[in-house]
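If you want the building blocks of each chain, they are given just below.
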Amino acid sequence: MSSEAIREQSFTRRALVLGGGMGLVGAMLTARMTWLSIFEGEQYRLASEENRVQLRLIPPRRGWIVDRNGKPLALNKPDYRLELIPEQITDLDRVLAQVGKILGLSFADELRIRADIAIQPSYMPVEVARNLDWPAFAALNVQVADVPGLQPVRAFSRVYPDADQFAHLLGYVGAPTPAQYKDQKDPLLIFPGFRIGKDGIERHEDRVLRGRAGAQRVEVTARGKVVRELDTRGDVPGATLRLTIDRDLQNFTARRLGNNSASVIVIDCLTGDVLTMVSMPAYDPNIFSSRVPAALWKDLQENDHNPLLNKSAMGLYPPGSTFKMVTALAALEAGITPDQGVRCTGRYKLGNNTWHCHSRRGHGFVDMHGALPKSCDVYFYEYGRRVGIDAIAAMARRLGLGEKYPLPLPGQAGGIVPDQAWKQKRYKKSWNIGETLNSSIGQGYLALNPLQLAVMTARVASGLAVVPRLLAPADGAAAPQFESLGIPEEHLALVRQGMYDVVNAGIGTARGARSPIAGVHFAGKTGTAQVRRISAEERRRGVKKNESLPWKQRDHALFVAFAPTEQPRYAVSVIIEHGIAGGRYAAPIARDVLTFMYDPERALKVLGPIEAQLAAERAAAEREEQAEASAAVQAEMMPSWLRTDDIVPPIYEIGPAGEPQLPRDEF
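Here goes a summary of the coordinates provided. Residue positions are counted from 1 within each chain, in the order its sequence is given. Where local features are concerned, this predicted model is filtered to residues with pLDDT of at least 70; where side-chain atom pairs are given and counted, the filter is 80 or more; whole-chain, interface and lining totals use all residues. Side-chain figures throughout are based on the complete set of non-hydrogen atoms in the structure, without hydrogens or water.

With that settled, the discussion passes to the pairing of strand β3 (residues 72-84). Summary of the burial criterion: residues with accessible area below 20% of their type's maximum are buried, those above 50% are exposed, and those between are partly exposed, where the area comes from a 1.4 Å probe applied to protein chains only. Per the convention used, a helix needs a DSSP run of H or I reaching at least four residues, while a strand needs a run of E reaching at least two, with both numbered from the N terminus. With ten of 13 residues buried, β3 lies mostly within the body of the structure. A pair of strands is treated as paired once DSSP finds two or more bridges between them. As paired strands, strand β2 (residues 65-66) and β3 are joined by two bridges and run antiparallel to one another. From the neighbouring strand, I65 faces β3, where its bridge partner is A74. From the end of β2 to the start of β3, which pair antiparallel, there are five residues, and G70 there has a positive phi angle of about 85°. Where β3 lies against strand β4 (residues 126-129), three bridges are found, and the strand directions are antiparallel. What sits directly across from E83, in β4, is E127.

Let us look at the pattern of salt bridges. Any Lys or Arg side-chain nitrogen found within 4 Å of a carboxyl oxygen on Asp or Glu counts as a salt bridge. What the rule picks out here adds up to 25 salt bridges. With a shortest N-O distance of 2.4 Å, R469 and D273 are connected by a salt bridge. Taken together, the residues span a long stretch of sequence, with R469 in the loop between α20 (450-462) and α21 (489-504) and D273 in the loop between β11 (262-268) and β12 (274-280) at a distance of 196 residues. According to the relative accessible area criterion, D273 is buried, its value standing at 6%. In this structure, K324 and D377 form a salt bridge, with 2.6 Å as the shortest nitrogen-oxygen distance. Here D377 lies in helix α16 (residues 377-387) and K324 lies in helix α14 (residues 324-333), a separation of 53 residues in the sequence. A relative accessible area of 0% means that K324 is categorised as buried. Members of the salt-bridge network, linked through shared partners, are R62, R158, D186, E202, D206 and R210.

Put simply, a patch holds well-exposed residues, over 30% relative accessible area, that have no salt bridge, with like charges counted together within 9 Å and Val, Leu, Ile, Met, Phe, Trp or Tyr side chains within 5 Å. Only the protein chains shown count as cover for residues, and all accessible areas are computed by the Shrake-Rupley method using a 1.4 Å probe. There is a patch of nonpolar side chains on the surface, built from V25, L29 and M33 and spanning about 310 Å² of accessible area. Assignment of secondary structure puts V25 in helix α1 (residues 3-39). V25 gets classed as partly exposed once you look at its relative accessible area, which sits at 46%.

By themselves, these are just geometric observations and shouldn't be taken as functional.
So, in structure tokens, the structure goes:
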């Protein structure tokens with residue numbers, strides 16, 4: 001065979017192999033395309049549609065919170081923000097530089113953003129800026145619309161018009177945590193700018209206030225730029241929550257407390273409506289809704305007046321002499337008659353120990369008619385001992401003490417109402433009579449919150465098992481029907497008369513709480529709760545006055561009251577931490593708060609001098625801080641060799657006249 005024939009035969013074989021291979025590849029491609037188009041075509045069509053059409057959540061507007069008259073306590077305002085999603089960012093430095101040219105981000109802003117990115121999951125949005133004006137927001141929509149991971153957001157911010165006056169009651173809102181998202185699996189919780197309740201009513205009623213999200217279908221380019229809107233399903237705003245609180249009364253009460261660390265609660269004795277619940281000092285929830293500055297957070301934590309604590313529901317205090325109404329009712333139920341009495345000499349002996357009355361000279365003969373107005377400790381020592389702690393504790397619980405109420409407030413404290421079983425369980429020890437004496441005057445193990453004292457007062461005033469409520473009922477709803485306490489009316493009438501005499505009789509301890517309203521009388525009971533132990537040595541030398549003690553060692557001042565005495569409608573409790581004396585400081589506040597209920601204009605007149613004094617004190621404190629800061633700056637700038645701070649001047653002793661003086665060192 002010639003060489004030419006051999007070449008032709010070899011070429012033919014190669015052509016056949018190559019053609020067969022190409023045919024096989026073509027068949028495979030045809031089969032794959034057939035499989036993708038016929039069997040998986042729907043899947044890829046949907047994927048393509050998802051790339052072209054995006055479903056975007058529309059966050060719901062949070063429901064308003066209003067007072068009993070419809071006045072807003074928490075509402076919303078438009079808020080323009082910029083947020084980024086870390087997992088979608090490829091070059092963070094370039095993105096921050098680009099945003100910085102538009103918004104002028106500071107070094108501190110960049111540190112904050114990077115810190116947030118580092119500590120939270122990459123799918124959680126990070127706030128770059130908020131409260132942007134319209135020009136800045138419009139510029140962002142134009143210049144960063146094509147940057148993956150950056151999202152200009154038009155949302156709503158929570159606003160609290162009265163700031164700290166409602167802080168502990170309403171709480172505040174904040175960004176959801178990763179743990180909350182993992183628990184609820186709600187896509188709203190990772191939506192940029194979305195906020196949920198973090199404390200108070202905002203937290204307890206978050207589901208009601210949150211609302212339901214809407215959705216929007218939009219057509220986008222490959223870079224994510226919106227081409228057109230296809231369809232929209234609107235969001236459902238959260239429900240408006242109406243409280244029993246009276247906004248004007250709450251504002252007045254907060255202003256009346258001034259700089260005191262205190263709580264005031266007012267309850268409607270007929271319905272249980274909480275008309276005011278103030279705990280001061282407090283914080284500004286408008287700041288808490290975003291990132292709290294580190295310096296502010298440190299100041300709040302270190303403040304000895306505990307502005308972060310809701311004293312009304314979470315604070316626990318010895319009730320002092322306000323508890324004597326419980327002891328009196330327990331004594332009456334045990335068969336003690338009102339005319340039985342004791343001779344008070346200012347001391348009460350039990351074994352080798354001596355208990356003291358607040359009156360050193362004593363009150364002389366005291367029966368129940370005079371025991372409450374005079375607040376005679378010796379009377380309640382004697383009859384508390386006769387009745388026993390178990391009977392006293394049972395009466396306290398019947399009046400609502402030591403109980404948690406169905407209110408939308410997280411962290412409500414139950415307190416302590418001790419009895420023999422409680423001590424045995426808690427300390428594995430038996431109860432002793434001395435502890436009964438202390439409990440009978442509101443000291444010892446007793447620990448109650450201001451809300452419980454207000455409920456106790458409402459129950460004494462009405463004779464009914466009043467239960468407080470903060471959520472207003474629907475319009476037209478029937479008033480609640482409370483059960484009777486089962487306490488004889490004559491017993492309650494005797495205690496109410498004693499409370500009336502506390503305020504209105506010449507022997508009472510709260511004459512400064514008398515009503516200025518013609519035809520309306522107030523009734524109440526003072527309390528001064530001791531927070532330190534007075535030793536026998538101090539009693540011999542003379543008990544130190546509260547005014548001379550450090551603030552933390554002063555007695556708590558308490559006062560509970562109801563009005564009007566003829567047909568009780570309102571009950572109030574006032575506690576001033578380390579306020580020295582209930583009759584002198586707490587009672588006038590209760591008087592002014594109750595006066596506001598009947599004559600707001602008259603009550604408002606007392607605020608002028610109080611707020612003027614507070615303004616002067618604040619101005620003096622600011623001047624002192626500025627002077628200290630200026631001195632510190634000067635000290636830093638002054639050379640060390642010019643400073644005289646560490647130079648101690650010589651002390652010259654002058655001897656008696658006529659005696660020779662010792663030689664001194666020469667300087």
